[in-house]
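A structural walkthrough
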Amino acid sequence: MTLRRASLLLGVAASTLLAGAPEPAARAEAPAAAPAAAAAREAAWRENNLGVALLEQFRFGDAVEAFRRALAKDPSLLPARINLAIAHLYVPDLAAAKQAAEDALAAAPDAPQPNYLLALIARAEGRAEEAEPFVRKVLAKDPKDLGANVTLGQVYLQMRRFEEAAAAFRVAIAAEPYNVSAAYNLGVALTRAGKREEGQEAMARFQKLRDSAYKSALGSNYLEQGKYAEALASTGAEPEAADPRTPAVSLVEK
């Protein structure tokens, strides 16, 4: 036995007597913990990005499984948790989508995506009063978002708050003047608010826009309900993916 190895063994024995047996094992495992966590996070991102690709192929059930695998590898990966709620929404499985969105909201209360998804789910289930605070939270961060303003307007239509609905649709039209969903709903809100002439003008504008070749619309399919109902993929710029250290290279003149 070398002198160096004997010294190491004596050091381990002393630390065991002072702090108890588990500590040396924990210290031995510590250097491997960081690489293992990084590998798990990378594997989770791969599954997450696969799920995003499956959503874009409208394979929603397969996307659900991919996001579940991502979370099994790294339960702290918030985009996968948000994406799981989105995938359930389009299966559709509203109960599972609501649970997944609530889990994401608990992990990130200020994130716009889970709030927006919970607003969409509540509105779809006829719970307009419950949808309003969720969509309001989205608008607190992004006041001009098209999808959130149209959703808020539709929530107000359900609640028969027609003046407030019209105001929300006007914001949506200002954000995207060629959006037929905002234009149509503005006409409906104004008409129901008793502003018949304004409502007719809004409907005439909607009809002209509808017949135009240059228009957009919000729908119920994936990628049609606004940016906060679209899945999140890795960009490669995440903090854990970028190494801040200076590369160990140098220029050598010959």
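Above this note sits the structure.
Residues numbered from 1 in each chain as written. Predicted model: local features only at pLDDT ≥ 70, side-chain atom pairs only at ≥ 80, totals over all residues. Heavy atoms only, no water.

This part is about the overall build of the protein chain. In terms of helices and strands, the protein chain carries eleven helices and zero strands. Sequence-ordered secondary structure for the protein chain, helices as α and strands as β, is α-α-α-α-α-α-α-α-α-α-α. Expressed as a percentage of contacts within the protein chain between residues at least 6 apart in sequence, the contacts between residues at least 24 apart total 54%. Taken as a whole, the protein chain presents about 14,600 Å² of accessible surface, with 57% of it coming from carbon and sulfur. (Helix = DSSP H or I, 4+ residues; strand = E, 2+ residues; numbered from the N terminus. Contact = heavy atoms within 4.5 Å. Areas by Shrake-Rupley, 256 points an atom, 1.4 Å probe, with all protein chains shown as cover.)

Further remarks concern the packing of aromatic side chains. Under the criterion given, the structure shown has seven aromatic pairs. Judged by centre distance (6.5 Å) and plane angle (75 degrees), the rings of Phe60 and Tyr222 are edge-to-face. Here Phe60 is found in helix α3 (residues 60-73), whereas its partner Tyr222 is found in the segment after α11 (196-210), with 162 residues between them in sequence. For the pair Phe60 and Tyr222, a shared accessibility class is recorded, and that class is buried. Summarising the aromatic geometry, the rings of Tyr90 and Tyr222 are spaced 5.4 Å apart at their centres and angled 75 degrees between planes, so their arrangement reads as edge-to-face. Here Tyr90, found in helix α4 (residues 78-90), pairs with Tyr222, found in the segment after α11; they are 132 residues apart in sequence, far enough to count as distant. With respect to burial, Tyr90 and Tyr222 carry one shared label: buried. (Phe/Tyr/Trp six-rings, centres within 6.5 Å; stacked < 30°, edge-to-face > 60°. Buried < 20%, exposed > 50% of the residue type's maximum accessible area, 1.4 Å probe, protein only.)

Time to look at the pattern of salt bridges. The tally for this structure, following the rule as stated, stands at 16 salt bridges. Its salt-bridge partner being Lys137, residue Asp110 comes within 3.8 Å of it at the nearest N-O pair. Note that Asp110 is positioned in the loop between α5 (94-107) and α6 (112-124) and Lys137 in helix α7 (residues 128-141), a separation of 27 residues in sequence. A salt bridge links Lys195 to Glu163, with the nearest nitrogen and oxygen atoms 3.2 Å apart. Remark: Glu163 occurs in helix α9 (residues 162-175) and Lys195 occurs in the loop between α10 (180-192) and α11; sequence separation between them is 32 residues. For Lys195, a relative accessible area of 31% translates into the label partly exposed. You can call Glu163 partly exposed: its relative accessible area is 45%. Counted as one network, the salt bridges with shared partners bring together Glu125, Arg127 and Glu130. (Salt bridge = Lys/Arg side-chain N within 4 Å of Asp/Glu carboxyl O.)

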